[in-house]
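# Structural overview
Here is what each chain is made of, one letter per residue.
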Amino acid sequence: MRDYFCGWYFKCQSGEQTLALIPASHRTDGRRFNSMQIITESISRTIFFPYDALKREPNGFSIADCYFGHDGIILHVNEEGISVCGKIVF
């Protein structure tokens, strides 16, 4: 099995606030998993998900309860130390 990485970069700004999201799919050293990096002015956090948590959708994809598409992003992350929920419309 060859190593593999595929990631997407979303950067959203409003005034002085910036949110960057980097959802990704990984295959390395025989392990397969997904991740999402969340970056703001005050935090940078990476959350890991099982490989089967990534699903193709008609106009985008989802990882667990988060959706990334042509028309926007829906976030539902509630992990130890971080809770991010909301909707961004493009």
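A quick note: this is a predicted structure, and the numbers were derived from the prediction, not measured.

Attention shifts here to the sheet that holds strand β10 (residues 82-89). Taken in spatial order, the 5 strands of this open sheet run β6-β7-β8-β9-β10, and their pairing is antiparallel. With one partner strand each, in any of the chains shown, β6 (54-57) and β10 form the two edges of the open sheet. Looking at each pair of strands side by side, their axes are set apart by 20° on average, direction ignored. Pairing between strand β7 (residues 60-63) and strand β8 (residues 66-69): 4 bridges, direction antiparallel. Counterpart to F61 in the pairing with β8 is F68.

Counted by the stated rule, this structure contains 4 aromatic pairs. Between W8 and F61 the ring centres are 4.4 Å apart and the planes differ by 35°, which places this aromatic pair in the tilted class. Of the two residues, W8 is situated in the loop between β1 (4-7) and β2 (10-14) and F61 in strand β7; the sequence distance between them amounts to 53 residues. Residue classification places F61 among the buried residues on the basis of a relative accessible area of 9%. Summarising the aromatic geometry, the rings of F61 and F68 are spaced 5.2 Å apart at their centres and angled 20° between planes, so their arrangement reads as stacked. A relative accessible area of 1% means that F68 is categorised as buried. Feature note: the residues W8, F10, F61 and F68 constitute an aromatic cluster, connected by ring pairs.

To continue, consider the layout of surface pockets. Empty space within the largest pocket amounts to approximately 210 Å³. Along its surface, the largest pocket is lined by Y4, C6, W8, S25, Y51, L54, R56, G60 and F61. The set of elements that each furnish at least two residues to the lining of the largest pocket consists of β1, β6 and β7. Considered class by class, the residues forming the lining of the largest pocket number 6 nonpolar, 2 polar and 1 charged.

What counts as what
- Residues numbered from 1 in each chain as written.
- Predicted model: local features only at pLDDT ≥ 70, side-chain atom pairs only at ≥ 80, totals over all residues.
- Heavy atoms only, no water.
- Pairing = 2+ DSSP bridges.
- Helix = DSSP H or I, 4+ residues; strand = E, 2+ residues; numbered from the N terminus.
- Axes fitted to C-alpha atoms, helices over the stretch in contact; angles between N-to-C directions.
- Phe/Tyr/Trp six-rings, centres within 6.5 Å; stacked < 30°, edge-to-face > 60°.
- Buried < 20%, exposed > 50% of the residue type's maximum accessible area, 1.4 Å probe, protein only.
- 1 Å grid on protein atoms, 1.4 Å probe; cavity = no way out; pocket = protein on both sides within 12 Å on 5 of 7 lines; lining within 4 Å.
- Points joined across faces, edges and corners; volume = space filled by probe spheres on them.
- Nonpolar A, V, L, I, M, F, W, Y, C, P; charged D, E, K, R; others polar.

Geometry only, nothing functional implied.
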